[in-house]
Amino acid sequence: MTDDDETLLLLSAYADGELSPGEVLAMERRLAAEPGARVAAERLRTLSTALRETLAGPPPRRPCGRA
């Protein structure tokens, strides 16, 4: 696993609220120091929220005439 892969995993866990309090503190310090990581975290949080909202809603309707 590369540093980029590990960073993406940590950012994703941060966006999903899956980090421990100590990890959150470390990530927030890192985000304050790294604008690119902060932008990536904001995008992941937006995506995560959109996915949760989509999956929480009713299932999509099927078009008429299709099984």
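What counts and how
- Residues numbered from 1 in each chain as written.
- Predicted model: local features only at pLDDT ≥ 70, side-chain atom pairs only at ≥ 80, totals over all residues.
- Heavy atoms only, no water.
- Axes fitted to C-alpha atoms, helices over the stretch in contact; angles between N-to-C directions.
- Helix = DSSP H or I, 4+ residues; strand = E, 2+ residues; numbered from the N terminus.
- Parallel < 35°, antiparallel > 145°, perpendicular 65-115°, else oblique.
- Left-handed = near helix turned anticlockwise from the far one by under 90°.
- Contact = heavy atoms within 4.5 Å.
- Salt bridge = Lys/Arg side-chain N within 4 Å of Asp/Glu carboxyl O.
- Buried < 20%, exposed > 50% of the residue type's maximum accessible area, 1.4 Å probe, protein only.
- Polar contact = N/O pair within 3.5 Å; in protein donor to acceptor, adjacent residues only side chain to side chain.
- Core = buried A, V, L, I, M, F, W, Y, C linked by side-chain atoms within 4.5 Å.

Draft legend 1. Up close: the packing of helix 1 (residues 3-15) against helix 3 (residues 35-56). Contact geometry of helix 1 with helix 3 gives a least axis separation of 8 Å together with a crossing angle of 50 degrees. The angle between helix 1 and helix 3 falls in the class oblique. When you trace helix 1 past helix 3, the crossing you get is right-handed. Counting all contacts with helix 1, which are made through L8, L11, S12, Y14 and A15, the residues of helix 3 involved are A37, A40, A41, L44, R45 and S48.

Draft legend 2. Up close: the pattern of salt bridges. Tallied over the entire structure, the rule returns 1 salt bridge. With its nearest N and O atoms 3.2 Å apart, the salt bridge here joins E34 to R30. Relative accessible area serves as the criterion here: at 28%, R30 is assigned to the partly exposed category.

Draft legend 3. Quick peek at the side chain of S48. The residue S48 is located in helix 3 in this model. Assessed through its relative accessible area of 9%, S48 is described here as buried. In contact with S48, other than residues within four places in its own chain, are A15 and D16.

Draft legend 4. Expanded view of the environment of E28. The residue E28 is located in helix 2 (residues 21-33) in this model. Take E28: its relative accessible area is 40%, and that puts it in the partly exposed class. In this structure, the C-alpha to C-alpha distance between E28 and R38, residues 10 residues apart in sequence, is 8.7 Å. Here the side chain of E28 touches Y14 through a polar contact of 3.2 Å, side chain to side chain.

Draft legend 5. The nonpolar core, seen in detail. Within the largest apolar cluster, 10 residues are counted, these being L11, A13, Y14, A15, L19, M27, L31, A37, A41 and L44. Residue assignment for this core shows that the elements contributing at least two residues are helix 1, helix 2 and helix 3. The leading source of residues in this core is helix 1, at 4 residues. Residues contacting M27, with those up to four places away along its chain left out, are L10, L11, Y14 and L19.

In short, shape yes, function no, at least from these values alone.
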